[in-house]
Amino acid sequence: MQSHWEHFDHGADIGVRGFGATEAAAFEQAALALTAVVTDPDTVRAMDRVDFDCEAPDAELLLVHWLNAVISQMALHHMLFARFQVQIHGHRLKGQALGETLSPTRHGPAVEVKGATVTALRVARLAGGWVAQTVVDV
Amino acid sequence: MDLRTLHRLAPCTWEMPPRDGMNVPAVVYASEALVREMDEKVREQAENVARLPGIVSASYAMPDAHWGYGFPIGGVAAFDAEAGGVVSAGGVGFDISCGVRCLHTGLKRADILAVQQPLADTLFKHIPAGVGSTGAIHLNSEQMHDMLTGGARWAVAHGWGTAADLERTEEHGQMPHAKPGCVSALAKARQREEMGTLGSGNHYLEVQEVTEIFDTAAAGAFGLAAGDVMVMIHCGSRGLGHQIGSEFLLRMAAEAPVHGLHLPDRELACAPIHSQLGQEYLGAMRAAINCALANRQILTHLVRMVFSTRFPAARLPLLYDVSHNTCKVEHHRVEGRLVELHVHRKGATRAFGPGHPELPPALRPAGQPVLVGGSMGTGSYVLAGNASSEALAFSSACHGAGRAMSRHQAQKTWQGRSVLDDLARRGILVRSPSLRGLAEEAPGAYKDVAAVVDATQAAGLARKVARLEPLICIKG
């Protein structure tokens, strides 16, 4: 399965969905969909690195932990991320995000993401790959 | 929503009787047209809330209800701790104590029109708005602790407001029993530079004109007259509240089985009020309420500073400040008995009726001001709480227009530039750091706020006092 992401509708908020050949690739794509809630990911340069280490009781809550960790780092360091690399062992995730400091003029950020919810939360194996999705509150 | 699943008790009152494990009925307050427009998920979520332990009377949905996470947005539910009741992070939401405050300016439309353009530009320059914006106030650990316990009272003590502001704020500007120790280091770090910032999304600061008065007596008590110019601020607890919401939602989802909670849906994540997790959440959530109150108080100070450069005599006294994402301990009469309840309002406004002792003396005869924000192209309303609202929904009313269209769809439907130009042609000057954000917040993406407040009044939750229309909008 080719890695890709998409958004899906959820009333006032927005759903992020990543597809990939592996669970880790789907998590990476879901995070890219998160960036796309804020701005066009193609406008973000992969310059600075932030490391992540998350653990959860199961795969679905791990996705929420992962997206929340990305959201927190975006807010804390005023950053946007263009690229993600994730390794998952059991229900533990180690990863990196590459991005740059947010520029209001160049990125024209539409909205900040408040947090990842457990609404429409799904991490599952599909024919030929994985899907990882949830709704984020904006 | 399929009307066949509802029993119509009154023109704007619909009931879903208990079924499949519901402890109480679910009740929707809305006109037939609004109910038809509501997503089926509102019914599903209102019913799921009715299945939570310790819920009292009913699970309620306000006229602006829409699909939320766990609880519907526009949802109200009260829990009795002594009956195994729960507290839910999703039932409060991520933007804890998001709310609205409304300031008098003492000015008229003509005063604003004379300086509309430069006033819009100066407000935009001095009110930090949009993604990644930071304020001028940076807090160290001690100051953070004081802010999280002191709320607007802390801000006023630092000179960012007056004692009169506190009287016109819910909880008199300071939420008691806040526990900054239950707030994570990350949540505090996210807030360090965000005091006095508006945020983004549906948050805004508007200069508005009172265009219509519906209830002369209440308008008199509130100091509102046609032609008056007001300032309305809509924002919340910023990064701190978002982080607390995210962390506790996950903890509650993970720990629910430990507390013997068998939830119909994981998104209903909650904890017994009497559990350690429940108490930690309440302590952290109350700290976030104080953060939101302090934040709106600092923004008020910034607005006053800007107005003082153009209108040196303007004082901008506060009409009222309401929070619409909270869980508060309140005493309500249930079946003739006064009961202490944890009342969750997720996208719903407290609406105490006339005579309520919590209200300042000047407002007490009319009832609590209920501030209802609309979209930037339509209008906003000031309502007044009714005595009947307590029996209807623990003294609650609507909070806004509610979205009619997803952000995704709105982005495909409108261009930010044309939204800006259309509103300018109608005399509404909008300033925003993001054109895409404007497209997502286009007036057409929202429901008709007039229909929402009409239904709120018809249901008896609150009564219309005044309608306000924007002249300037600073959009985050």
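Above this text is the structure in question.
It should be emphasised that the depicted structure is a prediction, and the values quoted were computed from it without experimental measurement.

Brief notes about the overall build of chain B
Then step 1. Helix and strand counts for chain B stand at 15 helices and 19 strands.
Then step 2. Against the globule reference of 23 Å for 476 residues, chain B gives a C-alpha radius of gyration of 21 Å, in line with a compact fold.
Then step 3. Reported as C-alpha extents along the three principal axes, the dimensions of chain B are approximately 60 × 50 × 50 Å.
Then step 4. Counting every position in chain B, which comprises 476 residues, the buried fraction comes to 63%.
Then step 5. The long-range share in chain B, meaning contacts at least 24 apart out of those at least 6 apart in sequence, stands at 76%.

Let's talk about the overall build of chain A
Then step 1. A tally of regular secondary structure across chain A gives 3 helices and 8 strands.
Then step 2. For chain A, the α and β elements follow one another from N to C terminus as β-β-α-β-α-β-β-α-β-β-β.
Then step 3. Compactness check: chain A gives a C-alpha radius of gyration of 14 Å against a globular reference of 14 Å for 138 residues, within 12% of the reference.
Then step 4. Its C-alpha atoms put chain A at 40 × 35 × 25 Å along the principal axes.
Then step 5. Residue burial in chain A is summarised as follows: out of 138 residues, 57% are buried.
Then step 6. Within chain A, contacts between residues at least 6 apart in sequence are counted, and of these 62% link residues at least 24 apart.

Observations concerning the nonpolar core
Then step 1. Phe27(A), Ala30(A), Leu67(A) and Tyr29(B) are the most contacted members of the largest nonpolar core, which has 215 residues in total.
Then step 2. Here this core gets 17 residues from one element, more than from any other, and that element is helix α10 (residues 276–310) of chain B.
Then step 3. The contact partners of Phe27(A), leaving out residues within four places of it in the chain, are Gly18(A), Leu63(A), Trp66(A), Val86(A), Ile88(A), Leu93(A) and Ala132(A).

Describing the interface of chain A and chain B
Put simply, an interface is often sized by how much accessible area is lost when its parts join up.
Then step 1. Chain A puts 33 residues into the contact, and the matching count from chain B is 39 residues.
Then step 2. For the side of chain A that touches chain B, the secondary-structure elements that each account for two or more residues are β1 (4–10), α2 (59–77), β6 (115–116) and β8 (129–137) of chain A.
Then step 3. Counting residues per element, the side of chain A that touches chain B draws most heavily on α2(A), at 7 residues.
Then step 4. In terms of residue class, the side of chain A that touches chain B is built from 18 nonpolar, 11 polar and 4 charged.

What counts as what
- Residues numbered from 1 in each chain as written.
- Chains lettered and ligands numbered in written order.
- Predicted model: local features only at pLDDT ≥ 70, side-chain atom pairs only at ≥ 80, totals over all residues.
- Helix = DSSP H or I, 4+ residues; strand = E, 2+ residues; numbered from the N terminus.
- Rg over C-alpha atoms; globule rule 2.2 N^0.38 Å.
- Buried ≥ 20, exposed ≤ 12 C-beta atoms within 10 Å, placed from the backbone.
- Contact = placed C-beta atoms within 7 Å.
- Core = buried A, V, L, I, M, F, W, Y, C linked by C-beta atoms within 7 Å.
- Nonpolar A, V, L, I, M, F, W, Y, C, P; charged D, E, K, R; others polar.

Everything listed is a geometric property; what it means functionally is a separate question.
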